[in-house]
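# Tertiary structure, described
Here's the letter readout for the chains.
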Amino acid sequence: MYPFADFHCDTLLKVAGGRVDFSRLNKAGHLDLPRLQSAGFVFQCFAAFFEPGAGQEAALRQTLFLLNEAREKILTLPGVRWVKRGADLRTEGEKSLLALLSIEGADFLGNDPFLLELVHSLGVRLITLVWNGRNSLGDGVGVGPGGGGLTDLGIKALKIMENLGIIADVSHLNEKGFWQLAGAARRPFVASHSNAWALCRHPRNLKDEQIKEIGRNRGLIGMNLCPSFIAEKRKDQSLSTLVQHMSHIASLVPVDCLCLGCDLDGIRRLPLKMKDVRDLAPLPGYMEEAGFSAKEIRAVCSANLLRFLAENLE
Ligand SMILES: [Zn+2]
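Residues numbered from 1 in each chain as written. Predicted model: local features only at pLDDT ≥ 70, side-chain atom pairs only at ≥ 80, totals over all residues.

## Things to note about the overall build of the protein chain
Inclusion rule: To qualify as a helix, a DSSP run of H or I must reach at least 4 residues; to qualify as a strand, a run of E must reach at least 2; elements of each kind are numbered from the N terminus. The size measure is the radius of gyration over C-alpha atoms, and the globule rule it meets is 2.2 Å times the number of residues to the 0.38 power. For the exposure call, what matters is how many other C-beta atoms sit within 10 Å of a residue's own: 20 or more marks it buried, 12 or fewer exposed, and in between partly exposed, using C-beta atoms placed from the backbone. Throughout, a pair of residues is in contact if the C-beta atoms placed from their backbones lie within 7 Å.
The helix and strand inventory of the protein chain stands at 11 helices and 11 strands. Its C-alpha atoms give the protein chain a radius of gyration of 18 Å, within 12% of the compact-globule value 20 Å for 314 residues. A principal-axis box enclosing the C-alpha atoms of the protein chain has dimensions of 50 × 40 × 35 Å. In the protein chain, buried positions account for 50% of the 314 residues. Put simply, 71% of the contacts in the protein chain that link residues at least 6 apart link residues at least 24 apart.

## Quick word on unusual backbone geometry
In this structure, His172 is a non-glycine residue whose phi angle is positive, near 80°. Along the polypeptide, His172 turns up in the loop between strand S8 (167–169) and helix H6 (175–184). Note on His172: 25 C-beta atoms within 10 Å, which makes it buried. Here the phi dihedral of Asp265 falls at roughly 65°; this positive angle occurs in a residue that is not glycine. Positionally, Asp265 belongs in the loop between strand S11 (258–260) and helix H10 (283–289).

## So, the environment of Ala157
Among the structural elements, Ala157 can be located in helix H5 (residues 152–164). What makes Ala157 buried here is the crowd of 24 C-beta atoms within 10 Å. For the pair formed by Ala157 and Glu288, sequence separation is 131 residues and the distance between their alpha carbons is 41 Å. Residues within four places of Ala157 in sequence aside, it is in contact with Ala106, Leu109, Pro113, Leu116 and Leu137.

That is the geometry; function is a separate question.
Encoded structure:
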């Protein structure tokens, strides 16, 4: 069995909302600790996401609430090991699920960059700068063609994050912002949950030039299970089509740049024949059929993400 490691889920919202008890097997949601363990997961990143629109104060309050819920109800449970630095990834004999804390959409920040230091001290190690709309750092893909890129504060926030050791995530950022960030970045950045635009023309997917830029920068791209990011027609929204995205990306950049960013519990529908995280089991078989070697399958399913974090967390 190939171990799995995943860069993005929204399960924290379900846990904080009382709909899922992470420590137990639940009927609701896409994953919990028992299901991750039975699916062979060694690592999961948990995003604190708050649908923006109610202003900075509400976003800050809600983000802090979610970070606290994550600490209490996921990250400090028996059977979970909270990763805060690269050394925490040296896992010989480790049986616990390794877990990372991220924030999706920096709406909590407003005009107060010192809050980056605060959330770093609370264990956050990755921030997706924007969600689909606009915030003080920049514009997401949902703003549309007239959108701006990163603001001056967005560039400043990137520099502070790089100094603190918080990884910058460009998923949801519009193209203009992507290229500004790529120009300003001094450390590798990631697209934690985005697929290839060449195969499915969804605005959340990455153009070939963006993929190559992430490759040049030694970053990572996490493959997303969202059906509408995989293919336009339902009949094609399958794990085997997702593997075509992997093959396309691996034709542009080294396979080291690929990982999983499943977006479970953040997406309503799943690919065909999937009900929850346990149904990822056929993925390595599809990758083998597509010509990936056993070493490459292991790299994409877990090793690349673990190596990236070991190298890029302080
Ligand atoms: Zn997202």
